[in-house]
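# Structural characterization, general
Each chain, letter by letter, is given below.
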Protein chains: 2
Amino acid sequence: MKVVKFGGSSLASAGQIEKVFNIVSADSTRKIVVVSAPGKREAKDTKVTDALIAYYNAFKQQDVLDAHQEWIIERYRSIALALGMDETVIDPIAENIKALASLDVKNKFTYDTFLAAGENNNAKLVAQYFKAKGLNCRYIHPADAGIIVSAQPSNARLLKDSYKKIKYLADLEEIIIVPGFFGVTEAGEVCTFSRGGSDITGSILAAGVKAEMYENFTDVDGIFAAHPGVIKNPHSIKELTYREMRELAYSGFSVLHDEALVPAYRANVPLVIKNTNNPDHPGTRIVTKRETKGAPVVGIASSNGFASLFINKYLMNKEVGFGRKVLSALENLGIRFEHMPTGIDDMSIIIREKYLSKQLEKSLLKNLSESLHPDELYIEHGLSIIMLVGEDMKEHAGVTARAARALAVHGISISMISQGSSEVSLMFILDEKDEKQALRAIYDEFYFEI
Amino acid sequence: MKVVKFGGSSLASAGQIEKVFNIVSADSTRKIVVVSAPGKREAKDTKVTDALIAYYNAFKQQDVLDAHQEWIIERYRSIALALGMDETVIDPIAENIKALASLDVKNKFTYDTFLAAGENNNAKLVAQYFKAKGLNCRYIHPADAGIIVSAQPSNARLLKDSYKKIKYLADLEEIIIVPGFFGVTEAGEVCTFSRGGSDITGSILAAGVKAEMYENFTDVDGIFAAHPGVIKNPHSIKELTYREMRELAYSGFSVLHDEALVPAYRANVPLVIKNTNNPDHPGTRIVTKRETKGAPVVGIASSNGFASLFINKYLMNKEVGFGRKVLSALENLGIRFEHMPTGIDDMSIIIREKYLSKQLEKSLLKNLSESLHPDELYIEHGLSIIMLVGEDMKEHAGVTARAARALAVHGISISMISQGSSEVSLMFILDEKDEKQALRAIYDEFYFEI
């Protein structure tokens, strides 16, 4: 059986929901369907979830709520009518949306309950439509599906025992329609995952029922080998491993929610990213192991906004505990670091600039200077990371040579290179101003030949 | 003024001491001479210091001592006679060597006092010879030179205040002859630096008198760009910076005692490595700053006996403090690490195998496994580090490309690359079996053209 998840744009209108129906009914193994809230119909549209946030803010400020409620209800109504459904199907949805305003504003789960209404009502609507079209299906609330989560509002984590409960879904006769994005706490409160968390719901259910596949339907033909904003018509990737996906996601590829990969990965369920608007396209398969076919680089990602803390001290290498002391200083200030390449007497700590305020930077330099007495200590800003990703990379000494040469012939300076620390990637750190040109140079080097 | 230090092979025989005399008297700015104990005259010879160790061991075991004493005294006598000196100059040396046997075996400085006798008697002999040849010179004991050290037998450190005292040597009229290798504690006990520590004495005195130069005379024409055991007739380096020297020394270049670089470096005194047997050769200058002249690589070093601890955990990157925990685990077991390249969810810790017994390895894996629950955790053995060194490297993206290509065309796999973490080096980690071939490939790439 397969678990299928549809994103907001796949459910934004009657036309899109028709496509979803066709996709689900085209394959009898698609047994569990995870539904997002209606997304944007066109670029300037408002997502239902954003409308719910506005509604909640008005509610909290004891503002007028009618317009907010009406806009949201109308959104569902227009979909239902365009699908040819009876207007009465909207009544329970309207009731549910209005009832949110009677929740206790002081309850820390009220915000999550507002937001979850987007997915929840959509799942109900979709289930009714599918049933009307003759599909043997049933809406199930996450509480009944077994998605029991920690009591961390807007940042829920699945409780481990939940998988035991979720398993039963595999034995149900009907197709199951489950709203994504939220679970319930042990006390029964609605609690959402972080934003975009419908991907997580799908991944959890796929892991829980040990699905043969987790299909994640979105509005692109899978994952591109490089960012289409920089590379014109980049190749789309047929298959990549979870490790490759993780490296690409880290450095700029944001097709999938990061945490969403974990349950499917750990349960060894292959994940396929497909396009609701082009379901015949095979999309991109994400698997735990793949056969590499000689092409060492599957994708190139880049990401800016990095800083480098440089520390040099003569004979640093002989001081036991030096590295640990530096990392403790960072931890004491709550600063996360990304990488820590070391020379003999030098050490660079790569930090995302967003974690490094002017104040923190000052404290960090002061603490390190006083505790370690380095010969040199400074922070460099405005760095980008370029990441070449591929499982076959470790065996190819030539990859580094080709990539470095591609940068060299374009006159691009490399601040740092790290290869081999990860088995599936090669990382260049360079000046932000060179990022796009570097991406193009490397893409041309590795993809021109395909 | 210059501080000049002569190694054991430069003082092993009368002929060698003649050369030293000629070198010292050829340049009137050579005002402070640091003297080692007589070294080997030919490959199978015994160094006086090693004879003193044997003497000490016999003394400690209450064994017969005559033969030991005689061998050492004879060593000095034969030098003195060959220099045409009167045999009576040996009397105080013989007395001193024999008197060692009446020291308190339980005194923790007795071993150091035995060893220091090698340098001390040689300095006295050299001073007498120089004087006889008409040089205005004077022997000065380290205690009188101001070399006051911490009370750490065989591992002395200079006490900071010593520099204040040492300064006065600059104002003396005569050429000063000082035995290397040892100082005295505040309580007046003889205490040596670590083995080979005459280099340290020279460096300390050069820093203390703010010498214009510290000349370190040995038996090679300076520092080679690569190991002559692997590369036939490698180029010798004219000039390199302390940072470059340090990187080369770390990874296999052992011309100079590591710690010996620090005092001269901190005092900004240039160091020259020269050949007693070929004093007209300019040797290798080690300076704090040098003009780079377009050649990005000044030297290539390599070193084997490394292991890599690999840790992978999905979403490791999101766990604050992960890196610090790994380093703490190492520190708790007293394991020093050399490098710590990181991927997104991966981390490699490079450790010298000599610091990693089977037992420690087991404990380390157990501790990490229990505290971090990684997805993958293993140790790889038999790795070598190849280090390309050069101040100009940071500006040359092409260096990495050329080096990696040179390895690729020879079919050599690279396990890891780290560039830019140190500003003056590019590091490759690869299989030990490929080390020599890799060194040759890279040397040919960068030096063939010269």
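Look up a bit, the structure's there.
What you see is a predicted model; the values in this text were computed from it and never measured. (Residues numbered from 1 in each chain as written. Chains lettered and ligands numbered in written order. Predicted model: local features only at pLDDT ≥ 70, side-chain atom pairs only at ≥ 80, totals over all residues. Heavy atoms only, no water.)

## Points about the overall build of chain A
What chain A contains, in helices and strands, is 14 helices and 16 strands. For chain A, whose C-alpha radius of gyration is 25 Å, the value lies close to the compact-globule estimate of 22 Å for 450 residues. By residue count, 60% of the 450 residues in chain A fall in the buried class. Residue pairs in contact within chain A that sit at least 24 positions apart in sequence constitute 75% of those at least 6 positions apart. As displayed, chain A offers around 17900 Å² of accessible surface, 49% of which is attributable to carbon and sulfur atoms. Taken together, the 52 basic and 57 acidic charged side chains of chain A have centroids lying 2 Å from each other. (Helix = DSSP H or I, 4+ residues; strand = E, 2+ residues; numbered from the N terminus. Rg over C-alpha atoms; globule rule 2.2 N^0.38 Å. Buried < 20%, exposed > 50% of the residue type's maximum accessible area, 1.4 Å probe, protein only. Contact = heavy atoms within 4.5 Å. Areas by Shrake-Rupley, 256 points an atom, 1.4 Å probe, with all protein chains shown as cover. Lys, Arg positive; Asp, Glu negative; His and termini not counted. Charge placed at Lys NZ, Arg CZ, Asp CG, Glu CD.)

## Overview of the nonpolar core
Counting residues in hydrophobic clusters, the biggest one holds 164 residues, and the most contacted among them are Leu388(A), Phe428(A), Leu388(B) and Phe428(B). Sequence-distant contacts of Phe428(B), defined by excluding residues within four places in its chain, comprise Ser384(B), Ile385(B), Ile386(B), Leu388(B), Ala403(B), Ala404(B), Leu407(B), Ile414(B), Met416(B), Ile417(B) and Ile442(B). (Core = buried A, V, L, I, M, F, W, Y, C linked by side-chain atoms within 4.5 Å.)

## As for the environment of Ala211(B)
Residue and element names in this part refer to chain B. Assignment of secondary structure puts Ala 211 in the loop between α8 (198-208) and β8 (213-218). Since its relative accessible area comes to 7%, Ala 211 is described here as buried. Note: C-alpha distance between Ala 211 and Leu 115 (96 residues apart in sequence) is 28 Å. With residues up to four places along the chain from it excluded, the contact list for Ala 211 reads Met 1, Lys 2, Val 3, Ala 206 and Val 269.

## Regarding the sheet that holds strand β10 (residues 271-275) of chain B
Residue and element names in this part refer to chain B. Pairing in this open sheet of eight strands is mixed, and the strands run β3-β5-β2-β1-β8-β10-β11-β9 from one edge to the other. In the strand order of this sheet, the two ends are held by β3 (137-139) and β9 (239-241), each with one partner. In this sheet, adjacent strand axes meet at a mean angle of 20 degrees when their direction is disregarded. Against the sheet, helix α1 (residues 14-26) makes contact with β1 (2-6), β2 (30-35), β5 (175-179) and β8, and its axis sits at roughly 155 degrees relative to β2, the strand it touches most. (Pairing = 2+ DSSP bridges. Axes fitted to C-alpha atoms, helices over the stretch in contact; angles between N-to-C directions.)

## Let's talk about the relation of the copies chain B and chain A
After a rotation of 180 degrees and a shift along the axis of 0.0 Å, chain B superposes on chain A with an RMSD of 0.1 Å. These values place the two chain copies in the arrangement generated by a two-fold rotation axis. A symmetric contact is evident, with 100% of the interface residues of chain B recurring at the interface of chain A. (Least-squares fit on C-alpha atoms with pLDDT ≥ 70 in both.)

## Let's talk about the packing of helix α11 (residues 322-332) of chain B against helix α12 (residues 358-372) of chain B
All names here are of chain B. Packing of α11 against α12 leaves a shortest axis separation of 10 Å and a crossing angle of 150 degrees. Taken together, the axes of α11 and α12 are roughly antiparallel relative to one another. Crossing of α11 against α12: the hand is right-handed. Residue-level inspection shows Phe 322, Lys 325, Val 326, Ala 329 and Leu 330 of α11 in contact with α12, the latter providing Leu 364, Leu 368 and Leu 372. (Parallel < 35°, antiparallel > 145°, perpendicular 65-115°, else oblique. Left-handed = near helix turned anticlockwise from the far one by under 90°.)

## Some thoughts on the pattern of salt bridges
All names here are of chain A. Inspection of the entire model under this criterion finds 51 salt bridges over all chains. Across the pair Arg 285 and Glu 239 runs a salt bridge, and its minimum N-O distance is 3.4 Å. Linking Arg 285 in strand β11 (residues 284-287) with Glu 239 in strand β9 (residues 239-241), this pair joins segments that are 46 residues apart in sequence. For the salt bridge of Lys 433 with Asp 434, the shortest nitrogen-to-oxygen distance reads 3.3 Å. With a relative accessible area of 66%, Lys 433 lands in the exposed category. Where salt bridges share partners, they join Lys 2, Asp 27, Arg 30 and Glu 215 into one cluster. (Salt bridge = Lys/Arg side-chain N within 4 Å of Asp/Glu carboxyl O.)

## Topic: helix α1 (residues 14-26) of chain A
Residues and elements named next belong to chain A. Its 13 residues give α1 an end-to-end C-alpha distance of 18 Å, which sits within 8% of 18 Å, the value for a rise of 1.5 Å per residue. Those residues of α1 that fall on the buried side of the exposure criterion are Ala 14, Gln 16, Ile 17, Val 20, Phe 21, Ile 23 and Val 24. Those residues of α1 that are buried lie in contact with β1 (2-6), β2 (30-35), α3 (66-82), α5 (110-132), β5 (175-179) and β8 (213-218). (Expected span 1.5 Å × (residues − 1).)

## Some words on the interface of chain B and chain A
Counting from both sides, the interface comprises 61 residues of chain B and, opposite them, 61 residues of chain A. Buried surface at the junction of chain B and chain A, summed over both partners, amounts to about 5600 Å²; 53% is from carbon and sulfur atoms. Between Glu376(A) and Arg243(B) there is a salt bridge whose closest N-O contact spans 3.8 Å. Between chain B and chain A we count eight residue pairs in polar contact (both at pLDDT 80 or more) in total. Those elements that provide at least two residues to the side of chain B that touches chain A are α9 (242-250), α10 (261-266), α11, β13 (346-352), β14 (376-389), α13 (397-409) and β15 (416-419) of chain B. (Buried area = accessible area lost by both parts, 1.4 Å probe. Polar contact = N/O pair within 3.5 Å; in protein donor to acceptor, adjacent residues only side chain to side chain.)

## Considering the side chain of Thr241(B)
Considering the arrangement of structural elements, one finds Thr241(B) in strand β9. If sequence neighbours within four positions are ignored, Thr241(B) has contacts with Ile286(B), Val287(B), Thr288(B), Lys289(B), Arg290(B) and Glu391(B).

## Thoughts on the packing of aromatic side chains
Tallying each qualifying case throughout the model produces 26 aromatic pairs over all chains. Ring geometry for Phe21(A) and Tyr129(A): centres 6.2 Å apart, planes at 70 degrees, overall edge-to-face. Of this pair, Phe21(A) sits in helix α1 while Tyr129(A) sits in helix α5, and the two are 108 residues apart along the sequence. Taking relative accessible area as the criterion, Phe21(A) reaches 8% and is therefore assigned buried. Among the residues examined, Tyr129(A) registers a relative accessible area of 3% and is labelled buried. Here the aromatic rings of Tyr443(B) and Tyr447(B) are separated by 4.6 Å at their centres, their planes lie at 20 degrees, and the arrangement is stacked. Of this pair, Tyr443(B) and Tyr447(B) both sit in helix α14 (residues 435-447), separated by four residues, roughly a single helical turn. Just as Tyr443(B) is buried, Tyr447(B) falls in that class too. Following the ring pairs from residue to residue traces out a cluster consisting of Tyr55(A), Tyr56(A), Phe59(A), Tyr111(A) and Phe114(A). (Phe/Tyr/Trp six-rings, centres within 6.5 Å; stacked < 30°, edge-to-face > 60°.)

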